[in-house]
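# Close look at the chain arrangement
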Amino acid sequence: MPVSVVVGDLTKLPVDAIVNAANSALAPGGGVCGAIFAAAGYGELDRACRAIGGCPTGQAVMTPGFALPAKHIVHTVGPIWHGGGQGEAGLLRSCYDTSLHLAWEAGCRSIAFPLISAGIYGYPKEEALSIALEAMEAFAQDHPMDITLALLDPALAKLADGLRRG
């Protein structure tokens, strides 16, 4: 199944799972994380995340979607950009890989991602897009799953389209 890139709010997408660009404490944050907590229901999601306790960088955990259209939220912790020499690319790729596998194992057949680590964590957007698309397309080759990259910036969506064409 194809990987799609859309401009829009991932909290409103009719998918089985959405991915939260989480912090390692799984605490409510700003940006995508804050929007997901607000849309899902702050109290319920906060309690579910506290019960899990945390998540290491590059890994993923899952909670219910609560008030979201999505049944599940996959929380993954992206790397903070430190110049690229501290394993950031491998950790970022692992975010996508572990999130996709976790969702697949939970029976999800559609998933929507934000662009992980490219906001307050400072990952260069073009590199983050390249890693995201490569990981998603590789997974989609062997798994019949609808995978969406939801972006808020139309310029990033245009850049993603350019990267996919080659």
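Provided above is the structure to which this section pertains.
Below: a short report on this structure. Here the structure is a predicted model, which means the values were calculated and not measured. (Residues numbered from 1 in each chain as written. Predicted model: local features only at pLDDT ≥ 70, side-chain atom pairs only at ≥ 80, totals over all residues. Heavy atoms only, no water.)

## Quick look at the packing of helix H3 (residues 88-105) against helix H4 (residues 125-142)
Following both chains from N to C, one finds H3 and H4 inclined at 35 degrees, their axes separated by 9 Å at the closest point. Judged by the sense of rotation from one axis to the other, the crossing of H3 with H4 is right-handed. Of the residues in H4, those in contact with Ala89, Leu92, Arg93, Tyr96, Asp97, Leu100, His101 and Trp104 of H3 are Ala128, Ile131, Ala132, Glu134, Ala135, Met136, Ala138 and Phe139. (Axes fitted to C-alpha atoms, helices over the stretch in contact; angles between N-to-C directions. Helix = DSSP H or I, 4+ residues; strand = E, 2+ residues; numbered from the N terminus. Left-handed = near helix turned anticlockwise from the far one by under 90°. Contact = heavy atoms within 4.5 Å.)

## Considering the nonpolar core
One finds Tyr96, Ile111, Phe113, Leu115 and Ile147 to be the most contacted residues of the largest nonpolar core, which totals 34 residues. Broken down by secondary-structure element, the contributors of at least two residues to this core are strand E1 (3-7), strand E2 (17-22), H3, strand E5 (110-113), H4, strand E6 (146-151) and helix H5 (154-165). Setting aside its immediate chain neighbours within four residues, Ile147 contacts Pro2, Val3, Ser4, Leu100, Ile111, Phe113, Met136, Phe139 and Ala140. (Core = buried A, V, L, I, M, F, W, Y, C linked by side-chain atoms within 4.5 Å. Buried < 20%, exposed > 50% of the residue type's maximum accessible area, 1.4 Å probe, protein only.)

## A look at the pattern of salt bridges
As a working rule, side chains carrying opposite charge can pair if their charged atoms are close by. Scanning the model with the defined rule gives five salt bridges in all. Asp97 is the partner of Arg93 in a salt bridge, and the nearest nitrogen-oxygen pair spans 3.1 Å. In this pair, Arg93 and Asp97 are both assigned in helix H3, four residues apart and thus about one turn of the helix distant. Residue Asp97 is classed as partly exposed on the basis of its relative accessible area, which comes to 25%. Salt-bridge contacts for Arg164 lead to Glu137; the nearest nitrogen and oxygen are separated by 3.2 Å. Here the residue Arg164 occupies a position in helix H5, and Glu137 occupies one in helix H4, the gap between them amounting to 27 residues. Residue Glu137 is classed as partly exposed on the basis of its relative accessible area, which comes to 31%. Salt bridges linked by common partners bring Arg93, Asp97 and Glu134 together as one network. (Salt bridge = Lys/Arg side-chain N within 4 Å of Asp/Glu carboxyl O.)

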